[in-house]
Amino acid sequence: METHKPDFPLTSSHPTLNGQKKAKPARVSFSAYNSKYLTVPQNRASLHSSKINGAFETSSCIESFSSSIINNYLDGTQGGATDKASPSGMHFRDSKRKVDYVLAYHYRKRLAQHPPGAGSPEQTRPLGVEVIELGPLDAVEEEKRLQREEYERNLVEAGLEIEKDPENKSQGLSFVRIHAPWQVLTREAELLKIKMPTKKMYEITEEGGILKKFNEIWCKLTEPLQPQVPQEGNTNMKNLFYPFSREKLYLYNIKDKDTFFDNATRSRIVREILKRTSSKSRNSMGIGTLIANNVYDAAYPLHDGEYEGQNDCMNERKLLYREWARYGVFYKFQPIDLIRKYFGEKIGLYFAWLGLYTEFLIPSSVVGIIVFLYGCITIESDIPSKEMCDQRNAFTMCPLCEKFCDYWNLSSACATARASHLFDNPATVFFSIFMALWATMFLEQWKRLQMRLSYFWDLTGLEEEEEHPRPEYETKLLQKKLKNKNIATENSNENEKEKLTWNDRMPGYAANFGLILFMIMLTFSAVFGVIVYRITTAAALSFSTNETTRSNVRVTVTATAVIINLVVILILDEIYGVVAKWLTEIEVPKTEKNFEERLILKAFLLKFVNSYAPIFYVAFFKGRFVGRPGRYVYVFDSYRMEECAPGGCLMELCIQLSIIMLGKQLIQNNLFEIGIPKLKKLFRKLKDERTELKETDTNQSKNPQQWDLDYTLEPFTGLTPEYMEMIIQFGFVTLFVASFPLAPLFALLNNIIEVRLDAKKFVTELRRPDTVREKDIGIWYNILSCIGKLSVIINAFVIAVTSDFIPRLMYQYAYSQNGTMHGFINHTLSYFNVSHLKAGTQPENSPFAQDVLFCRFKDYREPPWSPNQYEFSKQYWTVLSARLAFVILFQNLVMFLSVLVDWMIPDIPKDISEQIKKEKSMLVDFFLNEEHEKLKLIESFIARDKEKNKSGTKGGKIRAASFSQFNRSPKGSFASFSSQHTEV
């Protein structure tokens, strides 16, 4: 491979302020050199000339050196130049080179000190300079400074250009601004196989017929809902994209080298260099390790400017704020393409998924409202609730507690029975089936949208990039190497590549298993504690002499218990998030992807159990282990297990689900999400003000630059919290939807706010995240799919076990004399002889105890006059069989319909699959045409040289010889171009 030499020899001398070279360049320390504003690349790769369209462009090294002479400082305290920032705040001080990345760090300078003695301290100390005793911090700060110098020197050797602030204070905050020149961008783009647009554009064929007309009508109807985002060129035209190659620069649409790579791509390239650049002498492996060791405080790309202000020029950040990140545009669609361009594919996919999920909640909310209205309309015609409310039916019920509770009439629970019908009616069965199919449709539609976005965002065929090890993994591996080096023998194989084995991670795995099990038991303990609270509070309120208090025992206990559950869930959620992260860290995963997947699984498991455990208790366990009069189940030998309300537990399940869901959305997803970042920002600001000395900086620009503004923002910590809250909400919407048909409606209202809340947070409150290319949402899709399948089983059991749907159905078709629901309440109530109550448990001071011979309780048991008194009756076993049969039938029916829907809807839209095939063939043709044109150009040069050769020109002979030699090369033949392209 031919190497192009620079136009002047590389020397070890460094430029100074006056442009002269030092006499002894070897004595110039990097600390003095690196405290300058600009450092030019010193490696040969950065000085090589770049070849574009067959011509050579020589790098202007002299211009770079002259600019360094103008802008550089020998140290931060000296200066004959003014510290003027670039007007836009996005460039170096020459206002030409973009700031692609920023490193921020706090420094503390050690001032010169003199030992006490004759003639030194007071006479030689400069006026106004105060000697600060730093003690043992000096060594730490010196080590950090040396690490920064070595790391920045390695960045310069990698080809990056650096501009630094002068350290004018004794301590404070300083920034290192990084620019990637064209040579570095092209080199890294080729290494990372970044797809870039070629010169070839083609028209996207649209579907014809009815679908095209429907799409045109839909576009006209939704035109007011479209964000006012400028479109680049013709929306029906698309560039062919191909992985970047420096040898094929003529293929790409390079109009301007400064804008060919957008800001997101430039920052991604710089981030890759920062991650792999190390300072081996001090065992620091990339920017992650340096930040973890507090050598640097932060590393981030810059936002595109301010998001507010009328006078500033429009930028993508301001455009996103106006058309996406404000509550006033809640009715508009999201500009997904602009989101992806600004934040990267991973964040773009999250907002696309969130938008589709919110759109899918609209039909489910409409159906849920219809089901709820059906319950409201049919409440007057519901025969069981009428019988329960009819005071002429003297259903004398058994006491709800020992001694202090009296017999009571079933008609007193009329309100509860009527309210239960709103959520316990035949329409809820249909709604459960609908929601199961809805979940399947949503996942199928997401796969199609994901594939469509992958095509338009050129993610098809995206290869898994080799990830850099995490700093914690590298540190752990280094400790292992040092340990093995101390105990290794001379015969050990030092060349063997070491890695962390299963045995190294065994303590972490054991801690994970034990702590996760402990956390789950802690959740169950919290649920049990609330159960005990309900039982004891109900018993205590029953002792009250106030009639109103005794009559509202159930309402009071239920409301307060649910609020306690909500508070416990919110507290444990925050604890479990921290614990899951710590548990994942002690496992020491190798890459960030492994770390993220393990963290997601742990956090989801803990938060799933925490959020749904109280709901599972009410749905499937409450009232199942009560016993019967005369033989109740007791807690702590004196408190009876709580029973369901006369109308069933479904109403209480609805209350539990609605309060927990709405409370989590309002408090955790909204108040916490708004308040906590603001508190963190305020705390960080106060901390910086407290640690910085109040010193005047004459060179400090009065107006804060973009890197200053971005540093005050909250650092981006990943999408896991955003996905997690939506996945938990998806569980509320699907898992127990049979008991709460309005759950999709409340989720929809929350998500309309959530989309804009997240958007505002990303645009205004967070530092700009690093762009990450992802072609799917990863493990979250598998979690969604599992929740969808689990929802079918849970809703089947809710309908069969918790609601009265099966008992009503069995009574109407098996036990009713006239095929109606008349007599259903009497059928579900068993008799108990009050004389069989245990001594000391009879009601005290009952006004009509002498008139009661039998009391009723809800169960299917034999009457006291039966030979098998109080045993389960035949009706009990019949209804139980019907419940289990319904679960099996419901589950298989819904699963079959889900599989049918999955089969009928292809994962890849037909038009997209055809476009992908078309693009591949067009790419082949484009390559062949370009190589053919290149060959024609070479042949024309050869022919021209032959003509000059005939004229006897010496230069013509040399050039003809060179082109003839190139033409005879196998790689220069047309056949070789074709074969090379076929391999590609």
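Before going into details, it helps to say that this report is about the structure given with it. (Residues numbered from 1 in each chain as written. Predicted model: local features only at pLDDT ≥ 70, side-chain atom pairs only at ≥ 80, totals over all residues. Heavy atoms only, no water.)

Here we look at the overall build of the protein
Right, on to step 1. A tally of helices and strands in the protein yields 32 helices and 18 strands.
Right, on to step 2. Looking at the protein as a whole, 48% of its 984 residues are labelled buried.
Right, on to step 3. For the protein, the proportion of contacts with a sequence separation of at least 24, taken over those separated by at least 6, is 79%.
Right, on to step 4. Carbon and sulfur atoms form 58% of the exposed surface of the protein, whose accessible area is close to 50,700 Å². (Helix = DSSP H or I, 4+ residues; strand = E, 2+ residues; numbered from the N terminus. Buried < 20%, exposed > 50% of the residue type's maximum accessible area, 1.4 Å probe, protein only. Contact = heavy atoms within 4.5 Å. Areas by Shrake-Rupley, 256 points an atom, 1.4 Å probe, with all protein chains shown as cover.)

Observations regarding the sheet that holds strand 3 (residues 101-108)
Strand pairs in the sheet, formed through backbone hydrogen bonds, run parallel or antiparallel to each other.
Right, on to step 1. Here four strands make up an open sheet; going across it, the order is 4-5-3-10 and the pairing antiparallel. In this open sheet, the two edge strands, each paired with only one partner strand, are strand 4 (161-164) and strand 10 (298-300). Strand-to-strand twist of the sheet, defined as the mean angle between neighbouring strand axes without regard to direction, takes the value 20°.
Right, on to step 2. Judged from the eight bridges that link them, strand 3 and strand 5 (residues 171-179) form a sheet pairing that is antiparallel. Along strand 5, the bridge assignment pairs A104 with F175.
Right, on to step 3. Where helix 9 (residues 263-276) meets the sheet, it contacts strand 3, strand 5 and strand 10, and its direction lies at approximately 50° from that of strand 3. (Pairing = 2+ DSSP bridges. Axes fitted to C-alpha atoms, helices over the stretch in contact; angles between N-to-C directions.)

Here's the deal with the pattern of salt bridges
Right, on to step 1. Under the defined criterion, the tally for this structure stands at 36 salt bridges.
Right, on to step 2. Two residues, R145 and E149, come together in a salt bridge whose shortest N-O distance is 2.4 Å. Highlighted residues: R145 and E149, both in helix 5 (residues 137-157), separated by four residues, approximately one helical turn.
Right, on to step 3. Two residues, E345 and R773, come together in a salt bridge whose shortest N-O distance is 3.2 Å. Note that E345 is positioned in helix 13 (residues 345-377) and R773 in the loop between helix 25 (743-765) and helix 26 (779-802), a separation of 428 residues in sequence. Summarising the burial analysis for this pair, E345 and R773 share the class buried. (Salt bridge = Lys/Arg side-chain N within 4 Å of Asp/Glu carboxyl O.)

Overview of unusual backbone geometry
Right, on to step 1. Not every positive phi belongs to a glycine, and S95 is a case in point at roughly 60°.
Right, on to step 2. The residue S95 is located in the loop between helix 3 (61-71) and strand 3 in this model.
Right, on to step 3. On the accessibility criterion, S95 (39% relative accessible area) is partly exposed.
Right, on to step 4. Of note in this structure, N294 is not a glycine but carries a positive phi near 65°.
Right, on to step 5. Mapping N294 onto the fold places it in the loop between helix 10 (286-292) and strand 10.

What about empty space enclosed by the protein?
The gaps of empty space that remain are located by a probe, the size of a water molecule, rolled over the atoms.
Right, on to step 1. Considering all chains together, one arrives at eight cavities of 30 Å³ or more under this definition.
Right, on to step 2. By volume, the largest cavity amounts to about 100 Å³.
Right, on to step 3. Along its surface, the largest cavity is lined by P399, C401, E402, G630, R631, Y632, Y634, R640, L837, K838 and T841.
Right, on to step 4. Taken together, the residues that form the lining of the largest cavity break down as five nonpolar, two polar and four charged.
Right, on to step 5. Put simply, the parts of the chain that give the lining of the second largest cavity at least two residues each are helix 18 (502-542), helix 20 (553-587) and helix 21 (592-621).
Right, on to step 6. For the lining of the second largest cavity, the per-class residue count stands at seven nonpolar, three polar and no charged. (1 Å grid on protein atoms, 1.4 Å probe; cavity = no way out; pocket = protein on both sides within 12 Å on 5 of 7 lines; lining within 4 Å. Points joined across faces, edges and corners; volume = space filled by probe spheres on them. Nonpolar A, V, L, I, M, F, W, Y, C, P; charged D, E, K, R; others polar.)

With respect to the nonpolar core
Right, on to step 1. W324, F343, W353, Y357, W438, F736 and I777 are the most contacted members of the largest nonpolar core, which has 122 residues in total.
Right, on to step 2. Per element, the largest residue contribution to this core is 15 residues, and it comes from helix 21.
Right, on to step 3. The contact partners of F343, leaving out residues within four places of it in the chain, are L320, W324, F762, V763, P769, D770 and T771.
Right, on to step 4. In terms of nonpolar packing, the next biggest core, distinct from the first, is built from 46 residues, W182, L251, Y252 and I287 among them. (Core = buried A, V, L, I, M, F, W, Y, C linked by side-chain atoms within 4.5 Å.)

Digging into the state of the cysteines
Right, on to step 1. Under the defined criterion, the tally for this structure stands at three disulfides.
Right, on to step 2. For C644, the disulfide goes to C649, at an S-S distance of 1.4 Å. Because the torsion about its S-S bond is -85°, the bridge between C644 and C649 counts as left-handed.
Right, on to step 3. C649 sits in the buried class, given a relative accessible area of 1%. (Disulfide = S-S within 2.5 Å.)

Section: helix 24 (residues 720-735)
Right, on to step 1. Between its first and last C-alpha, helix 24 extends 21 Å over 16 residues, near the 22 Å set by a 1.5 Å rise per residue.
Right, on to step 2. Here helix 24 lies mainly inside the structure; 15 of its 16 residues are buried. (Expected span 1.5 Å × (residues − 1).)

A short note on the pairing of strand 17 (residues 829-833)
Right, on to step 1. Across the five residues of strand 17, four count as buried, placing the element largely inside the fold.
Right, on to step 2. Of the pairings in the sheet, the one linking strand 17 to strand 18 (residues 854-858) comprises five bridges and is antiparallel in character. Opposite N833, over in strand 18, you have F854 as the bridge partner.

Overview of a nonpolar patch on the surface
Right, on to step 1. Together, F513, L517, M521 and F524 make up a nonpolar patch on the protein surface, roughly 440 Å² of accessible area in all.
Right, on to step 2. Tracing the backbone through its elements, the reader meets L517 in helix 18. (Patch = residues over 30% accessible without salt bridge, like charges linked within 9 Å, V, L, I, M, F, W, Y side chains within 5 Å.)

A closer look at the packing of aromatic side chains
Right, on to step 1. A full pass over the atoms with the stated rule returns 53 aromatic pairs.
Right, on to step 2. Taking the centre distance of 6.5 Å and the plane angle of 65° together, the rings of Y252 and F260 count as edge-to-face. In terms of burial, Y252 and F260 fall into one category: buried.
Right, on to step 3. Sitting over the ring of Y831, R856 keeps its end group 3.7 Å from the ring centre.
Right, on to step 4. The aromatic ring of F872 is capped on one face by R861, whose charged end is 4.2 Å from the ring centroid. (Phe/Tyr/Trp six-rings, centres within 6.5 Å; stacked < 30°, edge-to-face > 60°. Lys NZ or Arg CZ within 6 Å of the ring centre and 35° of its normal.)

Quick look at the environment of V295
Right, on to step 1. Mapping V295 onto the fold places it in the loop between helix 10 and strand 10.
Right, on to step 2. Residue V295 is classed as buried on the basis of its relative accessible area of 1%.
Right, on to step 3. Residues V295 and R145, 150 residues apart in the sequence, show an inter-C-alpha distance of 7.7 Å.
Right, on to step 4. Residue contacts for V295: discarding those within four places in its chain leaves Y105, K144, Q147, R148 and L290.

As for the pairing of strand 4
Right, on to step 1. Neither face of strand 4 is left uncovered, since the one carrying E161 and E163 and the one carrying I162 and K164 both have all their residues buried.
Right, on to step 2. As judged from the four bridges shared by strand 4 and strand 5, these two strands associate in the antiparallel manner. Directly across from E163, in strand 5, lies its bridge partner R177.
Right, on to step 3. Where strand 4 hands over to strand 5, the hairpin turn is made up of six residues, counted between the paired strands.

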